[in-house]
Amino acid sequence: MKRTLLIGLCMLAPFTMVWGQDTPMADTPKNKPHYERTVNFGVKGGFTSSLFLATDLQVNGVTIDEIQNNYKIGYFGSVFMRINFERHFLQPEISYTINRCNITFNKPQENDAQIGALPAEASITSSIHSVDIPVIYGYNFIKQGPYSLAVFGGPKIRYIMNKQSDIDFENFDQRDIKETLHPLNFSFTLGVAVNISRIFFDFRYDLGLHNMSKRISYELPPDATGEDYEIHFSRRDNVLSFSLGVLL
């Protein structure tokens, strides 16, 4: 956690130094409205809705093809710096995020199950805490006075805190199931933003670029063999978010 915050501050430091050295007196915040400044700082907060793309889910040696995503609301808070170049801008951010999601599916039936018996349902519920550091580039299609409309995109580094995160496996045959996620993850952000004076609205979609599940540990039920009761789980995390912020 401390290491991730230090990395984020180091990323912001060069931009702050450049602003402090190159900004003339006539371009200081006291002499210009916020929408004409070279650099803006801001804070924002909002809500998220996560989609887990399970690329490989195997339960008891059977691949699960039909998975139902049940969206749950998460939330986040961010601080950022925006560096403006006429209609263009570069915006590094640091966010604390809690993403929640639930997936359900029908468990594989045992060989001795009665014909016509309905399959039992199992689920995986995740509440993932992370520190996110996106660096986005944006372009203002509309920029007139205090009003603007922009599209943006860029990479995001995500540090997942496994100790704070909670992942529950319900109605599985295995016991004491625990999933460990890769601490460091990468994604790509796309979005649109609307500014009205100091207030702005931000819609974005984060695309997970790789499998975030590192390992799953569990205990087998009594008299079970490992081959018949294995769990394999690979997933990517795609997130839709909405935020409301203010330029300081």
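Only a predicted model underlies this, so the values are computations on that prediction, with no experimental measurement involved.

Considerations on unusual backbone geometry
Here is step 1: At Asp176, a residue that is not glycine, the phi angle is positive and equals roughly 50°.
Here is step 2: With respect to the helices and strands, the residue Asp176 is situated in strand E9 (residues 175–181).
Here is step 3: A positive phi angle, near 60°, is found at Ser197, a position not held by glycine.
Here is step 4: With respect to the helices and strands, the residue Ser197 is situated in the loop between strand E10 (184–196) and strand E11 (199–208).

Brief notes about the pattern of salt bridges
Here is step 1: A complete count under the given rule lists 10 salt bridges for this structure.
Here is step 2: Here Arg158 ties to Asp237 by a salt bridge, and the two come within 2.8 Å at their closest N and O atoms. You can see Arg158 sitting in strand E7 (residues 147–160) and its partner Asp237 sitting in strand E13 (residues 231–247), a full 79 residues away along the chain.
Here is step 3: Here Arg158 falls in the buried class, since its relative accessible area comes to 6%.
Here is step 4: The exposure class of Asp237 is buried, given its relative accessible area of 6%.
Here is step 5: What emerges from the salt-bridge pattern is a single network uniting Asp132, Lys156, Arg158, Asp206 and Asp237.

So, the pairing of E7
Here is step 1: Sheet analysis places strand E6 (residues 121–144) next to E7, joined by 12 bridges and oriented antiparallel. Of the residues in E7, the one forming a bridge with Tyr139 is Val151.
Here is step 2: The pairing of E7 with E10 spans 13 bridges and is antiparallel. When the sheet's bridge partners are listed, Lys156 is paired in E10 with Ser187.

Rules used in this analysis
Residues numbered from 1 in each chain as written. Predicted model: local features only at pLDDT ≥ 70, side-chain atom pairs only at ≥ 80, totals over all residues. Heavy atoms only, no water. Helix = DSSP H or I, 4+ residues; strand = E, 2+ residues; numbered from the N terminus. Salt bridge = Lys/Arg side-chain N within 4 Å of Asp/Glu carboxyl O. Buried < 20%, exposed > 50% of the residue type's maximum accessible area, 1.4 Å probe, protein only. Pairing = 2+ DSSP bridges.

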